[in-house]
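Close look at the chain arrangement
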Amino acid sequence: GAKRPPRMLDGGAGGKFWQRPPRLAAGGTGAPSKTEELFRGLEARDLNVGPGFGSIFRSHSGDGRWASPSTSTPNDSVAIPSIPMARSTASLPSAHPPKPKLRLSHLRTIKAMYAGVDIDEGRSEKVDLSRVLDVALDTAHGLVTSAAAVARRAMQELAQIRTGEDAIKFFTRYGGDGGPAGNVRVLYCNRPQARVDPGLEPRDTDASFYDLVVVSKEQVKAEYFTISASGVVHFQPGQLSECIPLAEWLHQSLMFRVLSSMDFFRLYPHRKSFLHWRANARHVSFCRQRQRLASRCFLAKPLFVGPVMQARCAIAAAGEIEILKLSDHCSSLADFAEMQRDALLDPVRGVGRELETKQEELCAFMEQLVASVGEVGEQPRLPSWERSMPVGSKGKPMLQERKGAQELSRRLKMAKDDEIRVGSCIHLVAYMLQAELVAMMHRAAEELRHRIESTGAECNRKFLLVHAILVKGSKGGDIVLDTPSSAFQQAFRTVWQDAIACIASLPTLTSLSPRLQAAVGYSGGPVCTIEAVLAQDRAWQQSVVAISAAIDAQVSETLAFARHELSGPCGRLMCFAEEWDEASYLAKAHTVSDLAEDVERVQKLQDALEKCRVQKVVGSVFLDARSLRDSLAHVPEEVLEAMKRALVALGQQRCTEACRRLDMATRTVAKRPEDDAGYYAFARAYSAVVEEQTSLEGLADEVRQAYEMLARLGVRISLDDRIQLEGMHHKDRHLTDRALLEARLYLDRQRPRPQLPSVTVTVETCLEEAEFSMSARILGPDLLESKA
């Protein structure tokens, strides 16, 4: 019908309320609503409303109607307003909220809001509010009620009561102390039967504690409820009864519905059930997997754990065997390959012999396991209670017999399973041994790689020796290594092939023992061989390739160093050796200066060869070029020896010649003339000796330089040569310091006077000038100067 707009009313407690207009029926007359009927029977003494209950009636929807929860009662007799989701937990009432008495003015205002009429606040509080409310409602809706009509209506509503909410509405409206329903004071209720529809989610009413069904007194169950005007009483066998006032019951029911509408509380039972189910399912799965693992794991079986652990220790001891013997001393590549071959194939202490010994130990452990399993299978161990029975006992209980039979059957089955699993255990040990052998190859490759690639002083120990060789060429020669990189690659490839062949040649466990072969069923070993495993092993291939690359790089670096250090000196010395001819050199005429230049040149070649660095460590490669240096060291030594001999011969020759010329010069100036004619001949001879003295001094100096050079070269001068050299020095000093001086003095003293012709000349000149010129002509210029 038509609706009138609501108007604002004063709540009396500081709040404003909207007055709801009366609801009009289709004919235009206002019929009492359900909420008005609910409040028609409220009395202040019967209703103790808490603050939470009063606040729920303030929720009003936009269309003028009060919102109701998603679930409703069967006959939809009471509409409980739903409260919106609280924005904070502080707005929700506590589990046991306080119950203060509301002021009558406040309650009167609430009634006036729902009834649609105004109640004067100035009237006395002692007035019967229920009567006033009923009169106001009847007056507002134009109804004229009588006691008979009210009683008839009450009986009709009583007959329509189906749920607990209907009962609460009834007692709230008509009360329980007389009136139209005075003869009905208590209604009995049971919990509704939970409806379970497959595929559908249970409704909130199915699980709600506050949803009750009204029944007769004869139909009550062991747990039932009674509803009266005083409250709701809960009866439960074996426990004390609990009485809840109607206002608190409504408040709790409303809070339960609000909280149940939230996802957290609504889905909490499902979530908790799911979590319990998941935990139990995981535990069951874990127990099943543990049982399966225990039935398959050999270490979980007492019969298998001992031999398996012993086999594991033997395999670990076999894994500690070193496949490659890397010595700290240098050796050539051929010696290194031979040493590795001996270490692998030595019949007494080789790697193959040690692995065979460890394999025999494994075979013994596996035979012990087969024997133990066979003994248990033949004589299964009886239970402890059966073993503890006295020998003379008459019998055992039937239950014990049944348990004994079951235990014996279980043990026989376990023994049968153990016999079946013996072959698997032997296979497992064989695969463990194969895995350890593969790991041995890995460790050997990694150790060799670390030994080759490491650069530290502690880790990097040389063990491969190479030599430098000078190959003759057009320009003296080229430096090469006696072991090229290809030889290294081939040698290491052979070493790995020998190691793999040594390991692959080991016999299988089943081939060593017929007992193991019978337990397994055949004499073969693992399906995949060592060669196939290593061929597919990427880590192994990378290690081998890295070793080859490192060796190649180190050999290349070593060759570059050898060429840089030895190519120049050795090449020049080789060219000089090719051009050297001792016979032709000695046959030629030499001077001391020429010999000195040749000696200096050869000494430079010798010094350059001696200063070359002939040893170098590059990773694991050790370069030793001393043999090349020693092979060329004799060339400068032989050349120097020939030059020394030539120098000695030249010194002796020049010394003899110098002595002869000095003797001749000394005899020439020592002979005195007897007449004037001899005087002039002596003077001419003296002049010749003086002119020759310069060449004699140069010859003597050359002889001295020759012998000084011989002394620097470390040549031992013979006694005759020393005597001859000393004689030359004596003669040179005698000629220079004595013979020539005496001859000069003689010439100066014994100079003959010249014979002048007699000539008469008349000269008219100054007497002094005439006298001077005459004296100069007679005495000579030298005597004239001395006289002056």
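1. A short note on the overall build of the chain
Regarding its fold elements, the chain presents 27 helices and twelve strands. Among the 788 residues that make up the chain, the fraction classed as buried is 37%. When contacts within the chain are restricted to residue pairs at least 6 apart in sequence, long-range pairs at least 24 apart make up 71% of them. Just so you have it, the chain exposes about 47,000 Å², and 54% of that area is on carbon and sulfur atoms.

2. Re the pairing of strand β3 (residues 187–190)
One ladder, built from three bridges, connects β3 with strand β5 (residues 224–227); its direction is antiparallel. Looking at β5, one finds that L187 is bridged to I227. Bridging between β3 and strand β4 (residues 213–215) involves three bridges; their strand directions are antiparallel. Paired with C189 across the bridge in β4 is V214.

3. Points about the pairing of strand β11 (residues 615–618)
In terms of strand pairing, β11 meets strand β12 (residues 621–624) through four bridges, oriented antiparallel. Opposite V618, over in β12, you have V621 as the bridge partner. What sits between the antiparallel neighbours β11 and β12 is a turn of two residues, in which G619 has the positive phi angle 65 degrees.

4. What about a nonpolar patch on the surface?
A cluster of nonpolar side chains, F264, F265 and Y268, forms an exposed patch at the surface whose accessible area comes to about 320 Å². When its relative accessible area of 48% is taken as the criterion, F264 is described as partly exposed.

5. Quick notes on the environment of E453
One can find E453 in helix α15 (residues 398–453). With 101 residues separating them along the chain, E453 and Q554 place their C-alpha atoms 9.4 Å apart.

6. Description of helix α22 (residues 592–611)
Across its 20 residues, α22 extends 28 Å between first and last C-alpha, which sits within 8% of the 28 Å expected from 1.5 Å per residue. All buried positions along α22 are accounted for by V592, L595, V599, V602, L605, Q606 and L609. Buried residues of α22, viewed axially, fall in a sector of 150 degrees; they line one side. Facing away from the buried side of α22 by over 90 degrees, the exposed positions are E597, K604 and K611. Packing partners of the buried residues in α22 comprise α20 (538–579), α21 (582–587), α23 (626–670) and α24 (676–712).

7. Things to note about the packing of helix α5 (residues 147–159) against helix α6 (residues 164–174)
The packing of two helices is summarised by the inter-axis angle and the distance between the axes. Viewed as axis vectors pointing N to C, α5 and α6 meet at an angle of 165 degrees, and their least axial separation amounts to 11 Å. If you check the angle between α5 and α6, you find them roughly antiparallel. In this structure, α5 crosses over α6, and the sense of that crossing is left-handed. In contact with V150, R153, A154, E157 and L158 of α5, α6 contributes F170, R173 and Y174. Along the lines of polarity and charge, the residues of the contact of α5 with α6 split into five nonpolar, no polar and three charged.

8. A short note on the nonpolar core
Within the largest apolar cluster, 118 residues are counted, with the highest numbers of intra-cluster contacts made by I323, L355, M441, W496, L566, M728 and L735. In this structure, Y174, V184, I227 and I244 belong to the second largest nonpolar core, which totals 19 residues.

9. Focus: a negative patch on the surface
Taken together, the side chains of D607, E610, E637 and E638 present a region of like negative charge at the surface. Among the secondary structure elements, those contributing two or more residues to the negative patch are α22 and α23. By the secondary structure assignment, D607 is in helix α22.

10. Side note on helix α11 (residues 302–319)
With 18 residues, α11 should reach 26 Å at 1.5 Å per residue; the first-to-last C-alpha distance of 26 Å fits that figure. Regarding α11, the residues found buried are F304, P307, V308, A311, A314, I315, A318 and G319. What you see down the axis of α11 is that its buried residues fit within an arc of 140 degrees, all on one side. Of the residues in α11, the exposed ones pointing more than 90 degrees away from the buried face are P302 and C313.

11. Things to note about the sheet that holds β4
As a general point, the strands of a sheet are linked pairwise by backbone hydrogen bonds and lie either parallel or antiparallel. Strand order across the open sheet formed by five strands is β4-β3-β5-β6-β7, with antiparallel pairing between neighbours. Among the strands making up the open sheet, the edge pair consists of β4 and β7 (242–244). The sheet shows a mean angle of 30 degrees between the axes of neighbouring strands, direction not considered. With three bridges connecting them, strand β6 (residues 232–235) and β7 associate as antiparallel partners. Looking at the pairing, V232 lines up with I244 of β7. Docked against the sheet, α6 engages β3, β4 and β5, running at close to 20 degrees with respect to β5.

12. Observations concerning the packing of α23 against α24
Where α23 contacts α24, the axes come no closer than 9 Å and their chain directions differ by 160 degrees. Comparing the axis directions of α23 and α24 gives the class roughly antiparallel. For the element pair α23 and α24, the recorded crossing hand is left-handed. Among the residues forming the contact of α23 with α24, the class breakdown is 18 nonpolar, four polar and six charged.

13. As for the environment of D482
Counting through the fold element by element, D482 comes out in the loop between β10 (478–481) and α16 (485–504). A sequence separation of 13 residues divides D482 from I469, and the C-alpha atoms of the two residues are 6.2 Å apart. Residues in contact with D482, not counting those within four places in the same chain, are V466, H467 and I469. A polar contact is formed between the side chain of D482 and the side chain of T483, at a distance of 3.4 Å.

14. Quick word on the side chain of S543
Inspection of the secondary structure puts S543 in helix α20. Relative accessible area serves as the criterion here: at 1%, S543 is assigned to the buried category.

15. Notes on the pattern of salt bridges
Counting across every chain of the model gives 23 salt bridges. Among the ionic pairs, R173 bridges to E157, the shortest N-O distance being 2.6 Å. You can see R173 sitting in helix α6 and its partner E157 sitting in helix α5, a full 16 residues away along the chain. Accessibility assignment for this pair places R173 and E157 in one class, buried.

16. A short note on the environment of A371
Mapped onto the elements, A371 comes out in helix α13 (residues 351–378). Residue class for A371 comes out partly exposed when judged on its relative accessible area of 21%. Put simply, A371 and R515 are 144 residues apart on the chain and 9.2 Å apart in space, counted from C-alpha to C-alpha.

17. Structural notes on the confidence of the model for the chain
Averaged over all residues, the pLDDT of the chain is 74; the fraction at 70 or higher stands at 69%. This stretch, residues 1–97, has a pLDDT under 50; its non-local contacts, to residues over four places away or in other chains, come to 163 contacts. Residue range residues 115–127 is modelled with pLDDT below 50. Its contacts to residues more than four positions away, or to other chains, number 21 contacts.

18. A look at the packing of aromatic side chains
Applying the stated criterion across every chain yields a total of 18 aromatic pairs. Between the aromatic rings of Y210 and W249, the centroid separation amounts to 5.0 Å while the plane-to-plane angle is 75 degrees, which identifies the pairing as edge-to-face. Of the two residues, Y210 sits in the loop between α7 (204–207) and β4 while W249 sits in helix α8 (residues 246–261), which places them 39 residues apart along the sequence. A relative accessible area of 14% means that Y210 is categorised as buried.

Each value, and the rule that gives it
Residues numbered from 1 in each chain as written. Predicted model: local features only at pLDDT ≥ 70, side-chain atom pairs only at ≥ 80, totals over all residues. Heavy atoms only, no water. Helix = DSSP H or I, 4+ residues; strand = E, 2+ residues; numbered from the N terminus. Buried < 20%, exposed > 50% of the residue type's maximum accessible area, 1.4 Å probe, protein only. Contact = heavy atoms within 4.5 Å. Areas by Shrake-Rupley, 256 points an atom, 1.4 Å probe, with all protein chains shown as cover. Pairing = 2+ DSSP bridges. Patch = residues over 30% accessible without salt bridge, like charges linked within 9 Å, V, L, I, M, F, W, Y side chains within 5 Å. Salt bridge = Lys/Arg side-chain N within 4 Å of Asp/Glu carboxyl O. Expected span 1.5 Å × (residues − 1). Arc of directions from axis to C-beta. Axes fitted to C-alpha atoms, helices over the stretch in contact; angles between N-to-C directions. Parallel < 35°, antiparallel > 145°, perpendicular 65-115°, else oblique. Left-handed = near helix turned anticlockwise from the far one by under 90°. Nonpolar A, V, L, I, M, F, W, Y, C, P; charged D, E, K, R; others polar. Core = buried A, V, L, I, M, F, W, Y, C linked by side-chain atoms within 4.5 Å. Lys, Arg positive; Asp, Glu negative; His and termini not counted. Charge placed at Lys NZ, Arg CZ, Asp CG, Glu CD. Polar contact = N/O pair within 3.5 Å; in protein donor to acceptor, adjacent residues only side chain to side chain. pLDDT = per-residue confidence, 0-100. Phe/Tyr/Trp six-rings, centres within 6.5 Å; stacked < 30°, edge-to-face > 60°.

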